[in-house]
Amino acid sequence: MNPLPERVRLVEVGPRDGLQNENQPVPTATKVELIRRLGRAGLRTIEATAFVSPRWVPQMADNAAVMAAIERLPGASYSVLTPNLKGFEAALAAGATEVAVFAAASEAFSQRNTNCSIAASLERFRPVVEAARAANVRVRGYVSCALGCPYEGTVAPGRVRDVAGALFDAGCYEISLCDTIGVGTPGATQGMIACVAERVPVTQLAGHYHDTYGMAIANIYASLQMGVGVFDSSVAGLGGCPYAVGASGNVATEDVVYLMRGLGIETGVDLEALMDCAEWISAALGRRPGARVTQARRGSGFIGSRSTEVEPTG
Ligand code: HMG
Ligand code: MG
């Protein structure tokens, strides 16, 4: 096991992974305000929107308007999803300085999510990465279904390793390993990371764990033990994937920040400001915040609520 890091980087994906799955239309102004509040809470990598086909994901159709209106804090990165060159060119025109490409370790998911095979998706990313390099834009890579597929079930770690390796070789600076449907457990997560690390240095890996089975926090801890120091999360646990029906949102950012505080690991995030943000966006969407930490601290009658504050300890 690796020693735990002193600091981790959190990639906030709520405005994209969270809001892409909303059934109700979310006003552009709400998205812009969410990004502002996340930045003010200390998040410095925020996935702002996606330049995907508006016919496939209508919730992201206002991508350029979002990019035009967001507050851009110094030192912060506002990345966007780009599935192809058309998306990249639109993202660049909208002022993106970081983009993400997304492939899958499962053929069936690749077809449903991007209408092409894994090999074809990797080919499609090649010109995106080249154009990004020419424009001085950083490219991150996602590998979906790293711990299971909604259509194929079990996914062999070797397939995750091969796709992650191909994205890394193509020029992605970091590869985010995604438990798209939140089925992973710590042993499987560590086995998958060990396998991927044969091709991609563990320092260039990130964990992106949806929380369907409530295992995401355990999987993050297991990943920390393997040397992973970057985690994707979504404020209030918003979201899911339109092509993985029934999968819940990403692990909630508040829960990750609480875990890291307890471990003495710096995130740069102000938990109180983050919980304010979680309560605000949850109210705007008409629901309770999904994070256990926010429910415990802000709900009435729970242990650790403001009146009986308990500091987390290791
Ligand atoms: P396609 O239909 O095969 O594309 O979709 P096409 O190249 O044949 O083009 C068809 C039409 O779409 C054309 O328009 C294109 O111009 C247009 P028409 O001539 O018919 O009017 N088009 C676009 N429009 C805007 N932006 C673009 C774009 N590209 C083509 N970039 C495509 C292929 C990849 C575009 C489509 O499948 C798509 O947009 N997929 C994205 C699906 C998606 O966003 N899924 C959710 C995000 S991924 C995720 O959540 C997983 C993640 O969180 C990790 C995890 O948890 O696993 C990242
Ligand atoms: Mg996701």
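Residues numbered from 1 in each chain as written. Chains lettered and ligands numbered in written order. Predicted model: local features only at pLDDT ≥ 70, side-chain atom pairs only at ≥ 80, totals over all residues. Heavy atoms only, no water.

**Student:** It is not clear to me how unusual backbone geometry should be interpreted in this structure. Could you clarify?
**Tutor:** Across residues other than glycine, the phi torsion is negative in most instances, and most of the peptide bonds are trans. Look at Asn-136: it is not a glycine, yet its phi comes out positive at around 65 degrees. Among the structural elements, Asn-136 can be located in the loop between helix H6 (118-134) and strand E5 (138-144). Phi is positive for Cys-145, close to 65 degrees, though the residue is something other than glycine. Along the polypeptide, Cys-145 turns up in the loop between E5 and helix H7 (157-170). Cys-145 sits in the buried class, given a relative accessible area of 0%. (Helix = DSSP H or I, 4+ residues; strand = E, 2+ residues; numbered from the N terminus. Buried < 20%, exposed > 50% of the residue type's maximum accessible area, 1.4 Å probe, protein only.)

**Student:** I keep staring at the pairing of strand E2 (residues 45-50) and nothing clicks. Help me out?
**Tutor:** The side chains of a regular strand alternate between both faces of the sheet. Burial within E2 is extensive, with six of its six residues counted as buried. With five bridges joining them, E2 and strand E3 (residues 77-81) adopt parallel strand pairing. Paired with Glu-47 across the two strands is Ser-79, which belongs to E3. As a crossover connection, the stretch from E2 through helix H3 (residues 63-69) into E3 is right-handed. (Pairing = 2+ DSSP bridges. Right-handed = clockwise from strand over helix to strand, strands pointing away.)

**Student:** For this particular structure, what's the right way to read the site of ligand 1?
**Tutor:** As a matter of local geometry, ligand 1 sits amid 28 residues, with Arg-55, Asn-84, Asn-115, Ser-144 and Thr-180 nearest to it. Between ligand 1 and Asn-84 there is a distance of 2.8 Å, counted from a nitrogen atom to a side-chain nitrogen or oxygen. Between ligand 1 and Thr-180 there is a distance of 2.5 Å, counted from an oxygen atom to a side-chain nitrogen or oxygen. Burial of ligand 1 by the protein amounts to 75% of the accessible area it has alone, namely 1,100 Å². Partitioning the shell around ligand 1 into residue classes produces twelve nonpolar, eleven polar and five charged. (Near = heavy atom within 4 Å. Polar contact = N/O pair within 3.5 Å; in protein donor to acceptor, adjacent residues only side chain to side chain. Areas by Shrake-Rupley, 256 points an atom, 1.4 Å probe, with all protein chains shown as cover. Nonpolar A, V, L, I, M, F, W, Y, C, P; charged D, E, K, R; others polar.)

**Student:** It is not clear to me how the coordination of the magnesium ion (ligand 2) should be interpreted in this structure. Could you clarify?
**Tutor:** Coordination angles at a metal have ideal targets, namely 109.5 degrees for four tetrahedral donors and 90 or 180 degrees for six octahedral donors. Taken together, the protein ligands of the magnesium ion (ligand 2) are Asp-17 (OD), His-208 (NE2) and His-210 (NE2), with distances of 2.1 to 2.3 Å. Summarised as a motif, the one-chain spacing of the donors to the magnesium ion (ligand 2) is D-x190-H-x1-H. Of this pair, Asp-17 sits in helix H1 (residues 14-18) while His-210 sits in the loop between strand E7 (205-209) and helix H9 (216-225), and the two are 193 residues apart along the sequence. Neither Asp-17 nor His-210 differs from the other in exposure class; each is buried. (Donors = N, O, S within 2.8 Å, 3.2 Å for Na, K, Ca; no water.)

**Student:** Quick question: what am I supposed to make of the sheet that holds strand E1 (residues 9-12) here?
**Tutor:** Within a sheet, adjacent strands bond to each other through the backbone by hydrogen bonds, running parallel or antiparallel. With respect to topology, eight strands assemble into a closed barrel ordered E1-E2-E3-E4-E5-E6-E7-E8, the strand pairing being parallel. When strand polarity is set aside, the average angle formed by the axes of neighbouring strands in this sheet is 25 degrees. The pairing of E7 with strand E8 (residues 230-233) spans two bridges and is classified as parallel. Each residue of the ladder has a partner; that of Gly-207, found in E8, is Phe-231. Contacting strand E4 (98-104), E5 and strand E6 (174-179), H7 runs over the sheet at an angle of about 170 degrees to E5. (Axes fitted to C-alpha atoms, helices over the stretch in contact; angles between N-to-C directions. Contact = heavy atoms within 4.5 Å.)

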